[in-house]
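Residue-level listing of the chains:
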Amino acid sequence: MATVTEADRGWRSVLPAGVRPYTEAAPIAAFFLGVSSGFPYAMIGATLTTRLKQDGIDKSTITAFALVFLAYNFKFLWAWIMDGVRLPILGRLGQRVSWMLVTGAAVIAAVVNLALVDPAASVSAVVTAAILVGIAGASFDIVIDAYRIETLEPRQLGVGSGMSQYGWRIGSAGAGALALVVAARADWSAAYMACAALALPAMLTALIYGEPKRHREPVEKKGIARTIESVWKPFVEFFSRQGAFLVLLFILLHKIGDTLANLTLRLLFDDLGFTNDEIAIYDVGVGFWAYLIGVFIGGVMYTRLGMKRSVLVSLILMAVSNFSFALLAASGHSNLGMAGAIGFENIASGIGGVTVIAYFSALCDLRFTASQFALISAAASIVGRFLTGTTAGALIDAMGYVNFYLLTTAAAVPGIILFWIMMRTGLVDQSIGSAGVEGAGDARASTADKELPQA
């Protein structure tokens, strides 16, 4: 059934059909939101790992810093604030816009603070500063995710997730590369301060685009009653759905292997003798372009296969990508091997970034977008991050890198099996919230272009 959408009108009509949806306002906004979402993660992720390693901090202490990411995993505990608490004065700009400005400013302040601490002088000071970046970044993410989901219609979830992932990779990889380059020529303090400006794209996007049209106030009550209901109502609504606990189990399991692998890669590269320039070229450079290719492939898969089948394929690819690092560890210092492993892993992650995030976005009820997506995204990697922070360093020392990455490959299998079961039983369709059906399109359709309204 032929359809006409915003992307098919005006100057967009001269573009290839597959490109038009990416030029709509909402997906473009998602791109800039992704840029700002990605950079705080890099500041306390691979970049901080490299900084600590070069300052002579031991592996167990470095991998323990993965616990800083738990701020992202527990962000659902305070996400209700962004749904139910109105800010004075700034609140006139809208619930999402006002919180975007506040949390963005908090991220800038936290990153500058991390820039000013010296790991060689006090590891505890670095821990405190990193935790503050984690909390501020997680809070920023809560608002960014809610803004993105409420801006995109169901038909745009795949494209919007892809654009968000493009932005996330540019923000993350750009911050990582910028930090390495500046640190090599000045110092790590200057590097972190330079990266702090990457919070601005999301803040400016919110000011220019304005409050999302699909934003729904969670409750009609005011004052304390509104606040109290904002805390528990999002979770009650989610867990009242059929099979909600099985859906949550999938969310918890599906990314264990991927998280374990990715948060330890810089240790592998350093122990294999790769230099900062080689890491910048292959991990940041090759990985950057491979991820963009993966996002494009993910968008095509989502359109052609629909949400369910494309998610299943992406889960399989992400599991196989972990195996490529076992091969790299076995082969030793090899630029070709590093390029191949990084390239495949980033293509697989790019595909998953489109399909899985689109599914998770569609799970949300538009009345509780911030709270529910915070719960979903936090649960998605909490097990892997906890295991990385508590056992990864010891496991690598005991098992060696090859066996460790084989273990991460095996850890991805349960999530694949569970999603296949959910598809077969119809639970994937039953789990979709109003974000996946309200507006043009339907996330449950077998292909992304079905269920669109006629012009």
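Use the structure listed above.
Residues numbered from 1 in each chain as written. Predicted model: local features only at pLDDT ≥ 70, side-chain atom pairs only at ≥ 80, totals over all residues. Heavy atoms only, no water.

A. How the structure looks around the overall build of the protein chain. The helix and strand tally for the protein chain stands at 20 helices and 0 strands. Going through the 455 residues of the protein chain one by one, you find that 58% of them count as buried. Taking contacts inside the protein chain between residues at least 6 apart in sequence as the whole, the part at least 24 apart equals 82%. (Helix = DSSP H or I, 4+ residues; strand = E, 2+ residues; numbered from the N terminus. Buried < 20%, exposed > 50% of the residue type's maximum accessible area, 1.4 Å probe, protein only. Contact = heavy atoms within 4.5 Å.)

B. Inspection of the environment of Trp 289 at higher detail. Note on placement: Trp 289 falls in helix 15 (residues 276-331). With a relative accessible area of 56%, Trp 289 lands in the exposed category. Residues Trp 289 and Asn 346, spaced 57 residues apart in sequence, show a C-alpha to C-alpha distance of 8.4 Å.

C. Structural context of the packing of helix 15 against helix 19 (residues 413-425). The interhelical angle for the contact between helix 15 and helix 19, taken along N-to-C directions, is 170°, at an axis separation of 10 Å. Relative to helix 19, the element helix 15 is oriented roughly antiparallel. Along the contact surface, helix 15 presents Lys 308, Arg 309, Val 311, Leu 312, Leu 315, Ile 316 and Ala 319, while helix 19 presents Gly 415, Ile 416, Phe 419, Trp 420 and Met 423. Looking at side-chain class alone, the contact of helix 15 with helix 19 contains 9 nonpolar, 1 polar and 2 charged residues. (Axes fitted to C-alpha atoms, helices over the stretch in contact; angles between N-to-C directions. Parallel < 35°, antiparallel > 145°, perpendicular 65-115°, else oblique. Nonpolar A, V, L, I, M, F, W, Y, C, P; charged D, E, K, R; others polar.)

D. The arrangement of the pattern of salt bridges in detail. Applying the stated rule across the entire model yields 9 salt bridges. Here Arg 96 and Asp 83 are joined by a salt bridge, their closest N and O atoms 2.7 Å apart. Placement of Arg 96 in helix 6 (residues 95-115) and of Asp 83 in helix 5 (residues 79-84) is noted, with a sequence separation of 13 residues between them. When its relative accessible area of 1% is taken as the criterion, Asp 83 is described as buried. A salt bridge links Lys 308 to Asp 429; its shortest N-O distance comes to 3.1 Å. With Lys 308 in helix 15 and Asp 429 in helix 20 (residues 427-430), this residue pair connects regions lying 121 residues apart in the sequence. One continuous salt-bridge network, built from bridges that share partners, spans Glu 24, Glu 153 and Arg 155. (Salt bridge = Lys/Arg side-chain N within 4 Å of Asp/Glu carboxyl O.)

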